[in-house]
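Close look at the chain arrangement
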Amino acid sequence: MTRTGAAAGNKEDVVYDVIVVGARVAGASTAMLLARAGYRVLMVDRDRVVRDALSTLYIHQPGVAALHRWNVLPEVVATGCPPLERIRHTAGHTVLEGTPCRTDGVPAAYAPRRRLLDPILIRAAVDAGVEYRPNTSVNDLLFEDGRVVGVRTGSVRGDAEHIERARLVVGADGMHSTVAARVRAPVLLQDPHHTCVYYTYWSGLPPRLRTFEAPGRWVATIPTNDGATLVAAYFRQELFTAVRGDAPNALLGQVEKTAPEVREEMAAGHRLEHVHGTGDQRNFFREAQGPGWVLVGDAGHHKDSITAQGITDAFCQAQLLADCVGDGLQDPESLSTALKRFAEQRLDALLPAYRGTLKEARMESRVPRTDVPLGMEIDQELAIP
Ligand SMILES: Cc1cc2nc3c(=O)[nH]c(=O)nc-3n(C[C@H](O)[C@H](O)[C@H](O)COP(=O)(O)OP(=O)(O)OC[C@H]3O[C@@H](n4cnc5c(N)ncnc54)[C@H](O)[C@@H]3O)c2cc1C
């Protein structure tokens, strides 16, 4: 079913129901769901090819449950990333063992490489009827009577500008969102940076999902594709300049101090890639909507990556937006009500995890724990002598 009745050709016609700016976890899933709802969707991304995004890859159960509901989980599993059914967390002398919290009957978490996950979502969007234009940058928005009515696009090299019109422009263009900047989306909530993070991929480690914490330190091992394990270390933000100066040794040193058993295991394997990382761990909520525009994913909300929520949040926002819009996209009043409902429910849904993440990101000692990382259900508590 196609809901749009508009014809192409006349510049004044609305050609697309929706233009989605950004084709990664937030944009591709939003575009896919709106196309499956029968809307005519254009999705653009300035990247020509999909590269690995900065990410420690972990998808929480609600995110995996969304992939399952959308019928794309089998393709993700087929990439060979192992199911993560047990998690072990070490904090000082306490070890907690458990399972990631089950959602909608999905028993495992997954951590697929982003260069594999993101194309699966893009393909699902295209299969649903989305018109996808890579290598296309949105340079500006079109406004009429205070309302966003389209985008100005160009190739990344800056040639041939095009104008595309739509009833709704979705900014899924990441933390440094052009859409958010052009609509001057107000910042609703902002907190200081707390951490910086570096990680790499290692061979020869046991395929076990583990986290380790100590005051000012946090380490994780996350099994991913091709038998590799992602090894990540978090540091306090004030150490960023020093850590960036020698990230490989800083990473190994943090692992040695925080997770000596992992450092020993690493001796049997080797580093498979460069060390990746960032200190740009912003914490904010932007206003999520306005006339003719809405923000999803990192464009509207970002938090420290220590709780590994961004992908799951992106999927939940995509689903929430599609549910709120329903069949009301073509009537401006219904659309406006739907976008306001989306913004309200987004804040309600994401605020508790935002607060929890800030607490986690301070990396203060909290043993014995009253809360647990990565949404685990504990079934065993051990004391290390
Ligand atoms: C170090 C680190 C570790 C992380 N680990 C995890 C984790 O383990 N689990 C987890 O769930 N999350 C994690 N995250 C967060 C997660 O990676 C992000 O929340 C998620 O990638 C956001 O997706 P997005 O689609 O909103 O934005 P992005 O992935 O940033 O995609 C935005 C897209 O928009 C495109 N774009 C931007 N501007 C324009 C423009 N003007 N025109 C056209 N296209 C444009 C870009 O090319 C890009 O493809 C981590 C983040 C970091 C930094």
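The model shown is predicted, which means the values in this text are computed figures rather than measured ones.

**A short note on the sheet that holds strand 15 (residues 283-286)**
In spatial order, the strands read 9-15-18; together these 3 strands make up an open sheet with antiparallel pairing. On the outer flanks of this sheet lie strand 9 (187-191) and strand 18 (301-302), each paired with one strand and no other. Bridging between strand 15 and strand 18 involves 2 bridges; their strand directions are antiparallel. Its bridge partner lying in strand 18, Phe-284 is registered against His-302. On the sheet, helix 10 (residues 332-361) packs against strand 9, strand 15 and strand 18 and is oriented at approximately 170° with respect to strand 15.

**Quick notes on the pattern of salt bridges**
Following the criterion strictly, the structure yields 22 salt bridges and no others. Note that Arg-88 and Glu-97 form a salt bridge whose closest N and O atoms lie 2.6 Å from each other. The pair formed by Arg-88 and Glu-97 is uniform in burial state, with each residue classed as buried. A salt bridge links Asp-118 to Arg-114; the nearest nitrogen and oxygen atoms lie 2.9 Å apart. Residue Asp-118 and its partner Arg-114 are located together in helix 4 (residues 114-127), separated by 4 residues, close to a single helical turn. Residue Arg-114 is classed as buried on the basis of its relative accessible area of 7%. Where salt bridges share partners, they join Arg-24, Asp-45, Asp-47, Arg-51, Arg-114 and Asp-118 into one cluster.

**Some remarks on the side chain of Thr-224**
Note that Thr-224 resides in the loop between strand 12 (217-223) and strand 13 (229-236). Its relative accessible area of 2% is what places Thr-224 among the buried residues. Here Ala-111 takes part through its backbone oxygen, which lies 2.6 Å from a polar atom of the side chain of Thr-224. Not counting residues within four places of it along the chain, the set of residues in contact with Thr-224 comprises Leu-57, Cys-81, Pro-82, Ala-111, Pro-112, Arg-113, Tyr-201 and Leu-230.

**Concerning helix 10**
In a regular helix each residue adds 1.5 Å, so 30 residues correspond to 44 Å; helix 10 covers 41 Å between its end C-alpha atoms and thus fits that length. At Leu-350, helix 10 shows its largest kink, close to 35°, and the proline Pro-352 lies no more than four residues downstream. Those residues of helix 10 that fall on the buried side of the exposure criterion are Leu-335, Ala-338, Leu-339, Phe-342, Ala-343, Arg-346, Leu-350, Tyr-354, Thr-357, Leu-358, Glu-360 and Ala-361. Met-363 sits one or two residues past helix 10 and shows a positive phi near 50°.

What counts and what doesn't
Residues numbered from 1 in each chain as written. Predicted model: local features only at pLDDT ≥ 70, side-chain atom pairs only at ≥ 80, totals over all residues. Heavy atoms only, no water. Pairing = 2+ DSSP bridges. Helix = DSSP H or I, 4+ residues; strand = E, 2+ residues; numbered from the N terminus. Contact = heavy atoms within 4.5 Å. Axes fitted to C-alpha atoms, helices over the stretch in contact; angles between N-to-C directions. Salt bridge = Lys/Arg side-chain N within 4 Å of Asp/Glu carboxyl O. Buried < 20%, exposed > 50% of the residue type's maximum accessible area, 1.4 Å probe, protein only. Polar contact = N/O pair within 3.5 Å; in protein donor to acceptor, adjacent residues only side chain to side chain. Expected span 1.5 Å × (residues − 1). Bend = angle between axes of the 7 residues up to and from the residue.

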